[in-house]
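Report on the structure
Below, each chain spelled out in residue letters.
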Amino acid sequence: MKTLPDGIFAYRRGNIFFDNGKFMIWYTLDNSGNVKDIFKINDLTNQNSDKTAAINKYNIDTTGNKIVMQRFIDLSRKFKFGHIKVDKTNKVSFSYRDGLSEQFVMTFNDSLRNKYSNNKNFKLLTNGWFEYIDR
């Protein structure tokens, strides 16, 4: 997971997307469930801009991003999650349950570790991850 850039990666309606807070890139999947091609890029600051304008504005490396998205798919197959949020400064969280964004959380600073330790909805696992518990 250290190889993924900061942002949100997720499956949605048979496609996958990456959202870094500035833009979202949507990819279609091939018959094997691997990255096929970009079908949409949303500039989150200008919803009316087209794909090419967003690529130029943010200097998006579409080939490099496609490789990163395939890495997300490979990790999601290995660890069985549907979405992941990467914030290397604070935490990584992922889940395989739709609607539950933080099923498992790894914190990177003491204040967040204390926050999850004191939250009755999470328990600390032996591997250092926090797991959401249905109560």
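Residues numbered from 1 in each chain as written. Predicted model: local features only at pLDDT ≥ 70, side-chain atom pairs only at ≥ 80, totals over all residues. Heavy atoms only, no water.

On to the overall build of the protein chain, then. Helix and strand content of the protein chain: three helices and nine strands. Counting from the amino terminus, the protein chain carries its helices and strands in the arrangement β-β-β-β-α-α-β-β-β-α-β-β. Buried residues in the protein chain amount to 40% of all 135 residues. The contacts in the protein chain between residues at least 6 apart in sequence include a share of 35% that link residues at least 24 apart. Of the roughly 8,100 Å² of accessible surface on the protein chain, a fraction of 48% belongs to carbon and sulfur atoms. For the protein chain, the distance from the average position of its 22 positive side-chain charges to the average position of its 14 negative side-chain charges is 4 Å. (Helix = DSSP H or I, 4+ residues; strand = E, 2+ residues; numbered from the N terminus. Buried < 20%, exposed > 50% of the residue type's maximum accessible area, 1.4 Å probe, protein only. Contact = heavy atoms within 4.5 Å. Areas by Shrake-Rupley, 256 points an atom, 1.4 Å probe, with all protein chains shown as cover. Lys, Arg positive; Asp, Glu negative; His and termini not counted. Charge placed at Lys NZ, Arg CZ, Asp CG, Glu CD.)

Turning next to the pattern of salt bridges. A side chain of one charge can pair with a side chain of the opposite charge if their charged atoms are brought near each other. For the structure on display, the rule yields three salt bridges. For D74, the salt bridge identified is with R77, shortest N-O distance 3.9 Å. Placement of both D74 and R77 in helix 2 (residues 62-79) is noted, with a separation of three residues, approximately one turn of the helix. (Salt bridge = Lys/Arg side-chain N within 4 Å of Asp/Glu carboxyl O.)

Let us look at the environment of S95. Take S95: it is sitting in strand 6 (residues 91-95). Overall, the relative accessible area of 0% leaves S95 in the buried class. In sequence terms S95 and K51 are 44 residues apart; their C-alpha atoms lie 29 Å from each other. The contacts of S95, once residues within four sequence positions are left out, are F81, G82, H83, L100, S101 and Q103. Within the local environment of S95, its side chain forms a polar contact with the side chain of Q103, the two groups lying 3.0 Å apart. (Polar contact = N/O pair within 3.5 Å; in protein donor to acceptor, adjacent residues only side chain to side chain.)

As a further point, take the packing of aromatic side chains. This structure, assessed with the given rule, holds 14 aromatic pairs. On the basis of an interplanar angle of 25 degrees and a centroid distance of 5.6 Å, the ring pair of F9 and F72 is categorised as stacked. Placement of the pair is F9 in strand 1 (residues 7-12) and F72 in helix 2, with a sequence separation of 63 residues. Assessed through its relative accessible area of 0%, F9 is described here as buried. Owing to a relative accessible area of 0%, F72 belongs among the buried residues under this scheme. The interplanar angle of 75 degrees and the centroid separation of 5.6 Å between the aromatic rings of F122 and Y132 together place this pair among those described as edge-to-face. One end of the pair, F122, is in strand 8 (residues 122-124); the other, Y132, is in strand 9 (residues 130-132), with ten residues separating them in the sequence. With relative accessibility at 10%, the residue F122 sits in the buried group. Counting every residue linked through ring pairs, the aromatic cluster contains F9, Y11, F18, F23, Y58, F72, F81, F94, F104 and W129. (Phe/Tyr/Trp six-rings, centres within 6.5 Å; stacked < 30°, edge-to-face > 60°.)

In the Ramachandran plot, N59 falls in the positive-phi region, its phi being about 50 degrees despite a non-glycine side chain. For N59, a relative accessible area of 68% puts it in the exposed group. At K80, a position not held by glycine, the phi torsion is positive, near 60 degrees. By secondary structure assignment, the location of K80 is in the loop between helix 2 and strand 5 (83-87). K80 sits in the exposed class, given a relative accessible area of 58%.

Spatial relationships are all this shows, so hold off on functional conclusions.
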